[in-house]
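What follows is each chain in one-letter form.
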Amino acid sequence: MSNAVRSRPIRRTRRWRALGLGVSLTCLAGLPLTALQSPAEFDELHAMFSAFRLDSDATGEVRGVTLTRESGEIELTDGTIALLRPFRGNRVGAVYVGPGRFRMTAPIAVERGQLARFFGSETIDHTFSGAFMLFTDETLQELEAAGVTFDGGARLAPHERLIDAADEYLVGNDTKDPDRELMSALLHGGRSGHSVFYAHLAPGGDRSSGRALFYQVARRMEEPIAFGRAVNRNTYELITSFKPAQAYLGDPTARAPRSVGVQVDHYTVDFTIRSGLDVEVEAELSIRALEPGGFWNPFSLTTSLRVDSARWSSGEPADFRRGRDGFALWLRVPETLQPGDSAAVKFWYRGSDLLEETRDWYYLTSSTYWYPRNGGERSTFDLTFHTPKDRELVSIGSNVQDTVVGNVRTTRWVTTDPFGHASFNYGEMASSVLVDPRIPPVAMTINEQAHRTIGVQRARATGLPETDLALVRRELEGDVANAISFFMTWFGDPPITELRVTEIPFNHGQAFPGMIHLSWITFEGMGTKGYDEMFRAHEVAHQWWGLGVKNLTYRDTWLSEGFSEFAGLWFLNTVLEEPERYLDRLRDTKREILSRRDKAPPIGLGTRVASRDNPRDYQTIVYDKGAWVLHMLRNIFMDLQTLDESRFVGMLRDFYLAFAGSEATTEDFRRAVEVHLGADMGWFFDQWLYGSAIPTYRVEYCGKELEDGRWAVTARVEQERVPEAFQMYVPLRLDFGNEGSARLRIGVRGPLTEVALPPMPRRPSRIVFNEFESVLAEVDDNGWRCR
């Protein structure tokens with residue numbers, strides 16, 4: 001693999017170990033049909049999950065009962081069952097001990113592929129030896145209707161052992177912080193008829209069921225159905241997640257408006273950095289209720305920050321709760337707020353571990369969760385920072401204040417357009433402004449002293465000369481300016497009026513609205529093969545893809561990362577005029593992609609592409625294969641006679657302008673492609689976005705001279721390692737020596753394709769199959785087999 005500096009995904013990792021924490025709270029939804037009203041009640045819920053208790057007077061026998069929950073069936077064959085003790089008068093869980101069987105499939109192909117990838121079949125049919133169930137639906141009524149009587153008398157020791165085993169997955173080792181999405185749904189689910197069912201299935205007697213499984217249906221989650229397996233003693237791995245089958249029958253581009261929790265319309269943050277890197281923060285959130293008040297709303301705040309207090313703008317204290325070492329910050333929204341009503345709440349918090357120092361750099365331990373975030377919605381920001389006067393700080397938005405009083409420097413940064421997230425960078429950096437009439441102003445901040453130190457150390461160790469910072473700065477400024485200009489020309493204006501480029505002491509990059517964190521490595525100018533240039537252009541491209549157009553769901557992440565990766569390649573090809581490096585880079589990534597063919601999930605699985613055993617798949621599939629998809633579309637759109645790309649450029653531009661400042665899905669992009677091509681492209685998206693197959697082509701040609709002196713040529717293509725209906729349009733270049741060349745496309749479909757090419761003036765001296773690496777494929781070209 002190359003040593004290219006690569007950006008990393010901006011995403012929140014769902015804590016399935018704390019599904020754990022999230023799923024453990026499933027048992028809460030059996031509460032009375034009102035949200036929990038007081039912090040004391042909230043605390044009582046947390047305390048419950050550290051010690052589930054059985055009711056010795058509520059046990060019974062079960063024979064032949066099947067619980068059907070959406071796509072899954074849990075058959076309780078022949079055993080005993082014990083209910084958990086009531087919580088606030090509600091039965092919320094049960095433990096079954098005895099043989100059972102779990103069956104499930106998924107309603108969409110991409111998720112059935114996941115089941116086949118992990119279990120060798122698109123349908124799960126596993127045995128289990130016991131089930132620990134938490135529920136807020138009709139489970140208890142179903143059991144009673146099936147003849148189960150809870151009259152006591154059963155021996156509880158096996159049931160208690162199963163609780164102990166399941167609890168390893170339900171509660172994390174160091175925190176009782178529940179999964180916030182599931183917790184949010186449970187805490188006020190009863191008000192809207194919401195129900196939750198969760199089952200931990202103990203390993204069965206056959207070899208195929210050697211791991212514990214979990215199955216969950218949480219109806220108010222974006223994807224209510226989740227299934228996975230244990231990967232060690234206390235960690236689950238999510239394998240498949242999807243919506244109920246009926247949800248996939250409608251318009252795939254339809255938007256379901258968010259209707260739960262709150263929307264944060266504006267943040268006002270006052271942030272103080274002490275000389276010892278301790279921070280003190282006041283963060284005021286202007287929220288708008290999306291449902292009737294009286295519920296707890298979760299925000300995200302890095303665990304390195306401790307919240308001291310919270311207060312509404314009216315002066316009333318705000319009820320909030322946070323688990324020990326918890327990531328979720330829960331705020332109780334008053335009953336007085338109705339949908340559409342607004343209010344402001346202020347949090348006071350502090351910490352000593354948010355900022356750290358390494359190798360003359362300061363860095364944020366959490367670049368996106370240093371303020372209470374409510375998800376990915378767009379908000380406006382008013383950010384004020386108080387720092388030691390000899391330090392530089394850059395953030396998003398317009399810098400409307402920069403003053404020094406005594407030893408304190410105060411800067412204020414304001415955005416007028418709403419954005420999905422904000423960040424800043426801080427340290428001993430030198431700033432300069434790049435002025436180019438083609439683009440908005442670009443501020444560059446570089447830690448020159450750190451680079452000098454690194455250069456001296458490298459020179460002593462290797463004898464190599466120190467880095468010429470002035471030269472690297474000019475090259476970097478040139479790449480950034482040219483990338484901005486190129487993308488403005490081809491995509492349209494970005495949603496920013498100025499850009500700040502700064503560096504971080506890591507080997508990745510990260511983009512924010514109007515601000516880019518670049519790896520310190522790219523400031524050293526040590527890259528080869530154009531990787532530095534691609535990396536810089538990739539991060540610049542995020543101002544359009546990922547920030548200008550935001551992917552609507554985690555499944556659409558390639559619209560950010562794959563698009564930006566392709567933009568970096570395109571910049572290398574077009575602006576730097578290095579088409580061979582462009583193709584070389586594609587060939588490099590093709591080798592990585594082929595090494596995972598039939599093993600890695602498809603692009604359409606989004607952030608879930610990375611598994612515990614193969615975390616590298618996220619880079620290989622979402623970034624690299626995502627870029628390949630756009631490269632293939634580029635070649636499909638291209639006029640082969642003139643090599644004109646205006647239709648492809650027009651499609652991307654129209655797609656960007658249609659969704660700039662909002663969210664898009666893969667299906668939105670498919671529709672844009674189809675409009676500009678004038679053809680149904682479902683086959684292409686099914687193969688390359690929702691499938692994993694990559695073809696191998698075995699090619700040969702036959703030709704004969706006709707009576708009029710022209711030549712008839714037949715191309716014969718065998719297609720392997722893909723489904724029988726797999727198809728692509730593959731270009732051919734026919735060379736005629738001094739008489740020039742001709743290009744055409746042939747449709748390849750099925751195991752064998754034979755195409756009679758148009759009559760030619762003479763026998764081609766050479767035929768190039770799959771010119772420009774137009775299709776991601778292996779090609780075995782056997783040339784002429786007959787004449």
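The residue numbering used here restarts from 1 in each chain and proceeds along that chain's sequence as written. Given that this is a predicted model, residues contribute local features only at a pLDDT of at least 70 and side-chain atom pairs are listed and counted only at 80 or more, while totals for whole chains, interfaces and linings are drawn from all residues. The basis for every side-chain value is the complete set of non-hydrogen atoms in the structure, without hydrogens or water.

K.L.:
Give a description of the overall build of the chain that names residues and reports values.
P.N.:
By the criteria applied, helices consist of DSSP H or I runs no shorter than four residues and strands consist of E runs no shorter than two, each listed in order from the N terminus. In terms of helices and strands, the chain carries 15 helices and 36 strands. Partly exposed describes any residue whose relative accessible area lies between the buried limit of under 20% and the exposed limit of over 50%, with all areas from a 1.4 Å probe on protein chains only and scaled to the type maximum. Split into buried and exposed, the 787 residues of the chain put 58% on the buried side. By definition in these notes, contact holds between two residues if any of their heavy atoms fall within 4.5 Å. Considering only contacts in the chain between residues 6 or more positions apart, those separated by 24 or more positions represent 71%. Calculation of accessible area relied on Shrake-Rupley with a 1.4 Å probe; when residues are assessed, cover is drawn exclusively from the protein chains displayed. When the accessible surface of the chain is totalled, it reaches about 31300 Å², and 47% of it is carbon and sulfur.

K.L.:
I'd like a rundown of the pattern of salt bridges, residues and numbers included.
P.N.:
The rule for a salt bridge is simple: a side-chain nitrogen of Lys or Arg has to be within 4 Å of a carboxyl oxygen of Asp or Glu. Under the counting rule described, the total for this entry stands at 57 salt bridges. Put simply, R555 and E223 hold a salt bridge, and the shortest N to O gap is 2.7 Å. Taken together, the residues span a long stretch of sequence, with R555 in the loop between strand 28 (549–551) and helix 10 (558–574) and E223 in the loop between strand 6 (213–218) and strand 7 (225–232) at a distance of 332 residues. Across this residue pair, the class does not change: R555 and E223 are buried. Two residues, R391 and E428, come together in a salt bridge whose shortest N-O distance is 3.4 Å. Of the two residues, R391 is situated in the loop between strand 18 (380–388) and strand 19 (392–395) and E428 in the loop between strand 22 (424–427) and strand 23 (430–434); the sequence distance between them amounts to 37 residues. A relative accessible area of 41% means that E428 is categorised as partly exposed. The structure contains a network of salt bridges with shared partners spanning E700, R716, E718, E754 and R785.

K.L.:
Describe the sheet that holds strand 33 (residues 741–749), listing the residues and the values that go with them.
P.N.:
Taken in spatial order, the three strands line up as 33-32-35 in an open sheet, and their pairing is antiparallel. The open sheet has two free edges, formed respectively by strand 33 and strand 35 (766–769), since each of these has just one partner strand. On average, adjacent strands in this sheet sit at an angle of 25° to one another, irrespective of strand direction. Strands are treated as partners if at least two bridges between them are detected by DSSP. For strand 32 (residues 727–735) and strand 35, the ladder comprises four bridges, and the chain directions are antiparallel. Its bridge partner being in strand 35, L732 is matched across the sheet by F769. All axes are obtained by fitting lines to C-alpha atoms, using only the stretch in contact for helices, and the reported angles, taken between N-to-C directions, cover 0 to 180 degrees.

K.L.:
Which residues make up the nonpolar core, and what values do they have?
P.N.:
Counting residues in hydrophobic clusters, the biggest one holds 105 residues, and the most contacted among them are F487, F669, F684, W688 and M728. The element contributing the most residues to this core is helix 12 (residues 617–637), with twelve residues. Dropping the residues within four chain positions of it, F684 is found in contact with V629, M632, L633, I636, L689 and M728. If you look at the next biggest cluster of nonpolar residues, it comprises 47 residues, including V345, L393, I396 and Y426. Nonpolar cores are built from buried Ala, Val, Leu, Ile, Met, Phe, Trp, Tyr and Cys residues. Side-chain atoms within 4.5 Å join them into one set.

K.L.:
Give a detailed account of helix 3 (residues 109–119), specifying residues and quantitative values.
P.N.:
Restricting attention to buried positions, one finds in helix 3 the residues V110, E111, G113, Q114 and L115. Check the buried side of helix 3 and you find it contacts strand 3 (93–104), strand 4 (124–135), strand 7 and strand 8 (235–242). Of the residues flanking the end of helix 3, it is G120, one or two places downstream, whose phi is positive at about 80°.

K.L.:
I'd like to hear about the sheet that holds strand 3, residue by residue, with values.
P.N.:
Pairing within the open sheet is antiparallel, and its eight strands lie in the order 1-2-3-4-5-6-7-8. Among the strands making up the open sheet, the edge pair consists of strand 1 (54–69) and strand 8. Recorded for the sheet is a direction-independent mean angle of 20° between the axes of neighbouring strands. Pairing geometry for strand 3 and strand 4, over ten bridges, is antiparallel. Bridging across to strand 4, G100 finds its partner in F128. Sheet strands in contact with helix 3 are strand 3, strand 4, strand 6, strand 7 and strand 8, and its direction is about 145° off that of strand 8.

K.L.:
How would you sum up the side chain of S304? Please name residues and give values.
P.N.:
Looking at the element boundaries, S304 is found in the loop between strand 11 (295–300) and strand 12 (306–312). What makes S304 buried here is its relative accessible area of 18%. Residues in contact with S304, not counting those within four places in the same chain, are R350, G351, S352, D353, L354 and T365.

K.L.:
Give me the packing of helix 13 (residues 646–659) against helix 14 (residues 666–677): which residues, what numbers.
P.N.:
Relative to each other, helix 13 and helix 14 sit at 140°, their axes nearing to 10 Å. In terms of orientation, helix 13 and helix 14 fall into the oblique class. In the packing of helix 13 onto helix 14, the handedness of the crossing is right-handed. Contacts between helix 13 and helix 14 involve R647, G650, M651, L652, D654, F655 and F659 from the former and D668, F669, A672, V673, H676 and L677 from the latter. Put simply, angles under 35 degrees are roughly parallel, angles over 145 are roughly antiparallel, angles from 65 to 115 are roughly perpendicular, and the rest are oblique. Helix crossings are classified by the rotation of the near helix relative to the far one: an anticlockwise turn of less than a right angle makes the crossing left-handed, while a clockwise turn makes it right-handed.

K.L.:
So what's going on with the environment of Q338? Residues and values would help.
P.N.:
Counting through the fold element by element, Q338 comes out in the loop between strand 14 (328–333) and strand 15 (342–351). You can call Q338 partly exposed: its relative accessible area is 37%. With 49 residues separating them along the chain, Q338 and A289 place their C-alpha atoms 6.3 Å apart. From its side chain, Q338 meets the backbone oxygen of E335 in a polar contact 3.2 Å long. Polar contact is defined as a pair of N or O atoms within 3.5 Å, subject to the rule that within protein one atom must be able to donate a hydrogen and the other to accept it, and that residues adjacent in sequence are counted only when both atoms are side-chain atoms.

K.L.:
Please give an account of the pairing of strand 9 (residues 262–273) that cites residues and values.
P.N.:
Regular strands place their side chains on alternate faces of the sheet. As judged from the eleven bridges shared by strand 9 and strand 10 (residues 279–289), these two strands associate in the antiparallel manner. Among the inter-strand pairings, Q263 is bridged to a residue of strand 10, identified as R288. Between the end of strand 9 and the start of strand 10, which pair antiparallel, lie five residues, with L277 showing a positive phi angle near 75°. Two elements, strand 9 and strand 18, share seven bridges in a ladder whose sense is parallel. If you follow T272 over to strand 18, its bridge partner there is H386.

K.L.:
If you had to explain the packing of aromatic side chains to someone new, which residues and values would you point to?
P.N.:
Only centres within 6.5 Å qualify two rings of Phe, Tyr or Trp (six-membered ring in Trp) as a pair; their planes then separate them into stacked at under 30 degrees, edge-to-face at over 60, and tilted for everything else. Using the criterion set out here, one finds 50 aromatic pairs in the structure. With a centroid separation of 5.2 Å and 55° between ring planes, the pair formed by F102 and Y215 is classed as tilted. Of the two residues, F102 is situated in strand 3 and Y215 in strand 6; the sequence distance between them amounts to 113 residues. The exposure class assigned to Y215 is buried, which follows from its relative accessible area of 1%. Ring plane angle 70° and centroid distance 5.8 Å describe the contact between W683 and Y729, whose orientation is recorded as edge-to-face. Here W683, found in helix 15 (residues 682–688), pairs with Y729, found in strand 32; they are 46 residues apart in sequence, far enough to count as distant.

K.L.:
Give me the confidence of the model for the chain: which residues, what numbers.
P.N.:
Per-chain confidence: the chain averages 88 in pLDDT, with 90% of residues scoring 70 or above. Each residue carries a pLDDT value, the predictor's own confidence for that position, ranging from 0 to 100. Confidence over residues 1–35 falls short of pLDDT 50; this stretch has 139 contacts with residues more than four positions distant or in other chains.

K.L.:
Report on unusual backbone geometry, specifying residues and quantitative values.
P.N.:
We note that R721 has phi near 70°; this positive angle belongs to a residue other than glycine. Its relative accessible area of 48% is what places R721 among the partly exposed residues.

K.L.:
Can you explain the packing of helix 10 against helix 13? Please cite residues and give values.
P.N.:
The contact between helix 10 and helix 13 brings their axes to 14 Å, and the two run at 140°. Between helix 10 and helix 13, the crossing angle belongs to the class labelled oblique. Classified by chirality, the crossing of helix 13 by helix 10 is left-handed. Listed contacts from helix 13 to F563, F566 and W570 of helix 10 are F648, V649, L652 and F655.

K.L.:
Go over the environment of T365, please, and point to the residues and values.
P.N.:
Counting through the fold element by element, T365 comes out in the loop between strand 17 (361–364) and strand 18. Of the residues examined, T365 reaches a relative accessible area of 40% and is grouped as partly exposed. Each C-alpha atom of the pair T365 and L355 lies 6.1 Å from the other, and the pair is ten residues apart in sequence. If we skip the residues at most four places from it in the chain, T365 touches S304, D353, L354 and E356. A polar atom in the side chain of T365 sits 3.1 Å from the backbone oxygen of D353.

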